[in-house]
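Understanding the architecture of this molecule
The primary structure of each chain is shown beneath.
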Amino acid sequence: MADTVFVTGATGFIGRHLVLELLSHGYRVFALARASNGWPPAERLMRALQAAHGSPLPGPSRALLEVVEGDLVTPSLGLHRLVQERLAAEVPQVIHCGGDIRFYPRDRHAFRAVHIDGPLNILRAVGPARGLRFHHVSTAYVAGRRDGTAYEDELDVGQAFRNPYERIKLEAEQTIMTVCEARGIELTIFRPSIVMADPRAPTADWSDPISAHFAAFARLCRLYRRTIGRIRALRPSLRIRGSGKSVLNIVPITYVVEAMLAVAVNGRQPGRTFHLVDPAPPRNQELLDQITAILGLSGLEAFEDRRRQMEGMRLLERVAENLLRPYQDYFFESPIFDDRNTRHLLDGRVEPRSAVALEFLARAAAAPLTMKSLLDLLPGAKGEARMVDRMKALFS
């Protein structure tokens, strides 16, 4: 059945958007899901899809979706033998989006189980299918720390890594390649860079951690601009830790899903690795200069020391430091991701994707800032009185 796809990680940011796109094109989808936080698998998946879709899933799409209850870290996904046989008979393609996206996991054993054992368990459960195509979602940052060009066909070239996440994603690629080659399974690897919500989508989904952090910062700047920042002379400059000469490679979720579908569903250019990236990202300082106008600050500048404490930090700078800390290492290097496979696949069409980050910040800055969201920005703030004290410090 060429119109059937098995998707893992369907409740995640990329997975939920991919499932919606598949359903909108009339594809039948088996979606692996597990119970979590008291939510049964099916209900958890429906909530995730609704968050991305902006409304309940339409009836025709719902009829094409079947939830498969299972867990990546359980042998053969914990599926009954009859379910495995059905998947093997009816599923010609697997798109593996599942994983743990934390850079620094608390439980390294569980982290490894998800990233290494997980795809192997999928192949054990569905692998007997004849002519199976396996599509694995990795990250462009398996390239590690570097300032040169990272090519799509590269794996381990002796690179160092910023965090355990990058290292385990490279190991997962190598492991899956070895198993698929031994079993004659056609393998495609997708390597997106930093994926963010697309502000141009009618129902932009900002639930992923990256979008949430950047949106929170934009809203705080908007609050300042609409209060004390109305007095232009009092608008502060703002230092952001990072190199102004480096680049932050950001792509919208819509582009990532579009490229994945072009490969996985349409069957074009199978068996290769694809960088899903911005081929010409602007320098950080260029972005900062444009963001200045959007957020109504007097200026943004790069603080180009990775470790040294900023002197005389305002509260706004401390909040920005806290919000962006998980990604600060990515503000200091400038890898160039060769994406010739992807460009060839999409017939050379290149979208100005770097503009999406600016559009996203502009839309986030215009969104309401509630008391709860403000307190979320100020870690440690307990109650309105503490919040007011911190805001006074911000406006000083």
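Please read all numbers here as calculations on a predicted model, not as lab measurements. (Residues numbered from 1 in each chain as written. Predicted model: local features only at pLDDT ≥ 70, side-chain atom pairs only at ≥ 80, totals over all residues. Heavy atoms only, no water.)

Section: unusual backbone geometry
Here the phi dihedral of Asn37 falls at roughly 50°; this positive angle occurs in a residue that is not glycine. Along the chain, Asn37 falls in the loop between strand S2 (28-33) and helix H2 (41-53). Phi at Leu77 takes a positive value of approximately 65°, unusual for a residue other than glycine. With respect to the helices and strands, the residue Leu77 is situated in the loop between strand S3 (65-69) and helix H4 (81-90). (Helix = DSSP H or I, 4+ residues; strand = E, 2+ residues; numbered from the N terminus.)

Section: the nonpolar core
Formed by 89 residues in total, the largest nonpolar core has its most connected members in Val7, Leu18, Leu65, Phe214 and Met260. For this core, the leading source of residues is helix H8 (residues 253-264), giving 10 residues. Setting aside its immediate chain neighbours within four residues, Leu18 contacts Val7, Ile95, Cys97, Val257, Met260 and Leu261. Core analysis: the second largest hydrophobic core is formed by 23 residues, Leu72, Ile122, Leu132 and Phe134 among them. (Core = buried A, V, L, I, M, F, W, Y, C linked by side-chain atoms within 4.5 Å. Buried < 20%, exposed > 50% of the residue type's maximum accessible area, 1.4 Å probe, protein only. Contact = heavy atoms within 4.5 Å.)

With respect to the pattern of salt bridges
This structure, assessed with the given rule, holds 20 salt bridges. The salt bridge partner of Glu333 is Arg162, with a shortest N-O separation of 2.8 Å. Of the two residues, Glu333 is situated in the loop between helix H10 (315-324) and strand S13 (336-337) and Arg162 in the loop between strand S6 (149-150) and helix H6 (164-183); the sequence distance between them amounts to 171 residues. (Salt bridge = Lys/Arg side-chain N within 4 Å of Asp/Glu carboxyl O.)

Overview of the packing of helix H5 (residues 108-126) against H6
Two quantities define a packed helix pair, namely the angle between the helix axes and the distance between the axes. For the pair H5 and H6, interaxial distance at closest approach is 10 Å and the crossing angle is 20°. As summarised for this structure, H5 and H6 are arranged roughly parallel, according to the angle between their axes. Of the two elements, H5 crosses H6, and the hand of that crossing is right-handed. Here Arg108, Phe111, Arg112, His115, Ile116, Pro119, Leu120, Leu123 and Arg124 of H5 come into contact with H6, specifically with Pro164, Tyr165, Ile168, Lys169, Glu171, Ala172, Thr175, Ile176, Val179, Cys180 and Arg183. Of the residues assigned to the contact of H5 with H6, the class counts are 12 nonpolar, 2 polar and 6 charged. (Axes fitted to C-alpha atoms, helices over the stretch in contact; angles between N-to-C directions. Parallel < 35°, antiparallel > 145°, perpendicular 65-115°, else oblique. Left-handed = near helix turned anticlockwise from the far one by under 90°. Nonpolar A, V, L, I, M, F, W, Y, C, P; charged D, E, K, R; others polar.)

Looking at the environment of Arg81
Within the secondary structure, Arg81 is located in helix H4. C-alpha separation for the pair Arg81 and Ala125, spaced 44 residues apart in sequence, amounts to 8.6 Å. At 2.8 Å, the side chain of Arg81 and the side chain of Glu85 are in polar contact. (Polar contact = N/O pair within 3.5 Å; in protein donor to acceptor, adjacent residues only side chain to side chain.)

Comments concerning the sheet that holds strand S4 (residues 93-96)
With parallel pairing, the 7 strands of this open sheet are ordered in space as S3-S2-S1-S4-S5-S7-S11. Strands at the two margins of the open sheet, each flanked by one partner only, are S3 and strand S11 (273-276). Averaged over all adjacent pairs, the angle separating strand axes in this sheet is 20°, with direction ignored. Sheet analysis places S4 next to strand S5 (residues 133-137), joined by 4 bridges and oriented parallel. Directly across from Ile95, in S5, lies its bridge partner His135. Sitting on the sheet, helix H1 (residues 13-24) touches strand S1 (4-8), S2, S3, S4, S5 and strand S7 (186-192), and the angle it makes with S1 is about 165°. Each of S2 and S3 is contacted by H2, which is oriented at about 130° to S3, the strand it contacts most. (Pairing = 2+ DSSP bridges.)

Here's the deal with helix H9 (residues 284-295)
The end-to-end C-alpha distance of H9 is 16 Å, a good match for the 16 Å that 12 residues give at a rise of 1.5 Å each. Along H9, the positions that sit buried rather than exposed are Asn284, Leu287, Leu288, Ile291, Thr292 and Leu295. Here the buried residues of H9 occupy an arc of 150° about the axis, which is enough to place them on one side. (Expected span 1.5 Å × (residues − 1). Arc of directions from axis to C-beta.)

As for the packing of aromatic side chains
Applying the stated rule across the entire model yields 7 aromatic pairs. Residues Phe103 and Tyr327 carry aromatic rings whose centres are separated by 6.0 Å and whose planes lie at 85° to one another, so their mutual orientation is edge-to-face. Of the two residues, Phe103 sits in the loop between S4 and H5 while Tyr327 sits in the loop between H10 and S13, which places them 224 residues apart along the sequence. Pair check on accessibility: Phe103 and Tyr327 agree, each one buried. An aromatic cluster is built from Phe103, Tyr141, Tyr165, Phe214, Tyr327, Tyr330 and Phe337, whose rings are joined through pairwise contacts. (Phe/Tyr/Trp six-rings, centres within 6.5 Å; stacked < 30°, edge-to-face > 60°.)

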